Amino acid sequence: MRPKRVTFRHRWLPYALIAPQIVITIVFFLWPASQAIYQSVLRQDAFGLRTEFVGMANFGRLFSDPLYLESFWTTIAFSALVASLSMGIALILAVMADRVIRTATAYRTLLIWPYAVAPAVAGVLWWFLFNPTIGIAAYAMDALGYDWNHYVKGSDAMALIVIASAWRQVSYNFLFFLAGLQAIPRSLTEAAAIDSAGPLRRFWTIQLPLLSPTVFFLIVVNVVYAFFETFGVVHATTSGGPGQATNILVYKVWRDAFEGLNLGSSAAQSVILMVIVIALTAIQFRYIERRVEY
Amino acid sequence: MVENRPLLTFVQHAVLILGAALFVFPIYLAFVASTHDQVTVARGIPLLPGGEFWNNYSQVLGEGISTAGAPPLSLMLFNSMVMALSITLGKIAISLLSAFAIVYFRFPFRILAFWTIFITLMLPVEVRILPTFEVVASLGMLNSYAGLSIPLIASATATFLFRQFFMTVPDELTEAARIDGAGPMRFFKDILLPLSRTNLAALFVILFIYGWNQYLWPLLVTTDESYYTIVMGIQRMANAGEETPQWHLIMSTAILALLPPVAVIIGMQSLFVRGLVEVEK
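Residues numbered from 1 in each chain as written. Chains lettered and ligands numbered in written order. Predicted model: local features only at pLDDT ≥ 70, side-chain atom pairs only at ≥ 80, totals over all residues.

**Regarding the overall build of chain A**
Helix and strand content of chain A: 12 helices and two strands. In sequence order, chain A lays out its α and β elements as α-β-β-α-α-α-α-α-α-α-α-α-α-α. By its C-alpha atoms, chain A is 75 × 75 × 30 Å across when sized along the principal axes. Relative to its 294 residues, chain A shows a buried fraction of 43%. Contacts in chain A between residues at least 24 apart in sequence constitute 69% of all its contacts with a sequence separation of at least 6. (Helix = DSSP H or I, 4+ residues; strand = E, 2+ residues; numbered from the N terminus. Buried ≥ 20, exposed ≤ 12 C-beta atoms within 10 Å, placed from the backbone. Contact = placed C-beta atoms within 7 Å.)

**Focus on the nonpolar core**
Here is a general trend for soluble globular proteins: nonpolar side chains tend to be buried in one another's company. Formed by 162 residues in total, the largest nonpolar core has its most connected members in A:Val121, A:Val124, A:Leu125, A:Trp126, B:Phe100, B:Ile234 and B:Ala254. Sequence-distant contacts of A:Val124, that is, excluding residues within four places in its chain, are made with A:Ala236, A:Thr237, B:Ile234, B:Ala238, B:Ile250 and B:Ala254. (Core = buried A, V, L, I, M, F, W, Y, C linked by C-beta atoms within 7 Å.)

**A closer look at unusual backbone geometry**
Unusually for a residue other than glycine, A:Ser196 sits at a positive phi of about 60°. Tracing the chain through its elements places A:Ser196 in the loop between α8 (186-194) and α9 (199-228). According to the C-beta neighbour criterion, A:Ser196 is exposed, with 7 such atoms within 10 Å. Phi at B:Asn143 takes a positive value of approximately 50°, unusual for a residue other than glycine. Within the secondary structure, B:Asn143 is located in the loop between α6 (129-138) and α7 (145-149).

**Observations concerning the packing of helix α1 (residues 13-39) of chain A against helix α4 (residues 73-104) of chain B**
Axis separation between α1(A) and α4(B) bottoms out at 8 Å; the angle between their running directions is 140°. The orientation of α1(A) with respect to α4(B), classified from their angle, is oblique. In the packing of α1(A) onto α4(B), the handedness of the crossing is left-handed. Contact residues: α1(A) offers A:Pro14, A:Leu17, A:Ile18, A:Pro20 and A:Gln21, while α4(B) offers B:Ile94, B:Ser95, B:Leu97, B:Ser98, B:Phe100 and B:Ala101. Here the residues of the contact of α1(A) with α4(B) sort into eight nonpolar, three polar and no charged. (Axes fitted to C-alpha atoms, helices over the stretch in contact; angles between N-to-C directions. Parallel < 35°, antiparallel > 145°, perpendicular 65-115°, else oblique. Left-handed = near helix turned anticlockwise from the far one by under 90°. Nonpolar A, V, L, I, M, F, W, Y, C, P; charged D, E, K, R; others polar.)

**Topic: helix α13 (residues 230-238) of chain B**
With eight of its nine residues buried, α13(B) lies for the most part within the structure. Within the sequence span of α13(B), burial applies to B:Ile230, B:Val231, B:Met232, B:Gly233, B:Ile234, B:Gln235, B:Met237 and B:Ala238. Here the buried face of α13(B) lies against α5 (119-129) and α10 (231-236) of chain A together with α4, α12 (216-221) and α14 (247-267) of chain B.

**Considerations on the interface of chain B and chain A**
Each partner contributes to the interface: chain B provides 80 residues, whereas chain A provides 77 residues. The leading source of residues in the side of chain B that touches chain A is helix α1 (residues 6-33) of chain B, at 13 residues. The residue inventory of the side of chain B that touches chain A, partitioned by class, reads 59 nonpolar, 15 polar and six charged.

**Side note on the confidence of the model for chain B**
Per-chain confidence: chain B averages 84 in pLDDT, with 93% of residues scoring 70 or above. Interface confidence for the predicted complex, expressed as ipTM, amounts to 0.87; the pTM equals 0.88. (pLDDT = per-residue confidence, 0-100.)

**Some points on the environment of B:Met251**
Looking at where B:Met251 falls in the secondary structure, it is placed in helix α14. Owing to 27 C-beta atoms within 10 Å, B:Met251 belongs among the buried residues under this scheme. Taking the C-alpha atoms as reference points, B:Met251 and B:Leu22, 229 residues apart in sequence, are found 18 Å from one another. Those residues in contact with B:Met251, other than ones at most four positions away along the chain, are A:Phe128, B:Ala30, B:Ala33 and B:Ser34.

Written out as structure tokens, the structure is:
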């Protein structure tokens, strides 16, 4: 962006203005992050008395640890499910709301507020619904012949955290899809309608292609959400269980540090997560640049 | 609407209403559960609210759930409010100032400062849990409002938003202010701040929700019950060891925990939508 032509001159004022943010960034972001990198190449004994340099050994052990690899796959499956479920429902609702333009705002009000519900609270609400003894959803499934029990069945537990995480995210996706749909010029859809293309045909040939930048952007946002912001959902409901079924990466990094007290391994996991965030942020910026061009 | 298709319109409204109902259902059921006593909830939830509303809410607000080691909710709500407001106001204040410095001054290390701020985008708490905890512990900030809020107030997104906005402020305004003899801070206070009002409000909505819904961080830095926030406290009640969870009280807590941010979103809907779209740009 073009820099300002007119600026102020002052010897110390700009430094004073920027100092609070820089100090907080260094103390609470850069220093801990460098500590994580530093600790990831060390190994400490259980009492923290002796520390030795082990190079890449912590990483090597992680990637040969079946539990860690399993957690990796769990996380990937989890984020794919959350992203596709929440985006799919949001897209259907947004397409519907886009057509009934007059009442779109009323529906928007009804649909956006779950975004305000904290992931942990969302988890507790759905946990209550699916509680095997008193939950109404578990009861309904029992009536349909399915014995729901997320305390025992890994797939049920996974379904529970996927639903709780996706529920909240539908609102967000809905807003962006609706904005994207409303930005499509009416003349395009009208022209297609005159050429006798039905609503479904118009959706596939006009709306969805023009929406593709929004779709890509939301995929990245949803994956970031599922990877990093769903700690609360897991911690408040399944605690990673049963077994390892819902032990996603951010939950594992916390558990290994605070319950397992395995500092080197936890630090190495932090570093791997950092690499993932940096990659996702880079992709996000690329697509946002693209989005502007469209 | 492009063409008139009554059947399709009907289907659309049906889908939307079904969707909205599906969204409201968990909250409705939580509310219903919060108005019954323990026995009724344990027997299977009725579909209509009961008469225990005042009892349940006054119990959680006044006494808390002692068996789960949770303090009264009024205290947790207060803590959440303090944390959410400090994070929100803190983020806005430091981002405004640093964006002002980056846009309106030329100084050595300007680009370096910009990138230092930018990098916070890539380091959410979740990826540096233990070392950040160690820093806060060594600064003696565990179990304090400062520990709950200050580590979270650095924000690249807010700084970017203000930077973007300041870039669109016409240079003529700055020139006019300079000719009239206004210094940089006077210009900031009398011209930039009033111009940023809408952006400030939109950002306030987004950041308040972000701050209120913090979970992992309060879980790490508070061991003293008197600093629990409501969003993390609810988990303690739900996982109260051997005890049967007191669902009617847990659901009262859930309702109270989600009420403030939901009220903010519904009350300031247009600002919220604007804020969300701006932040992601």
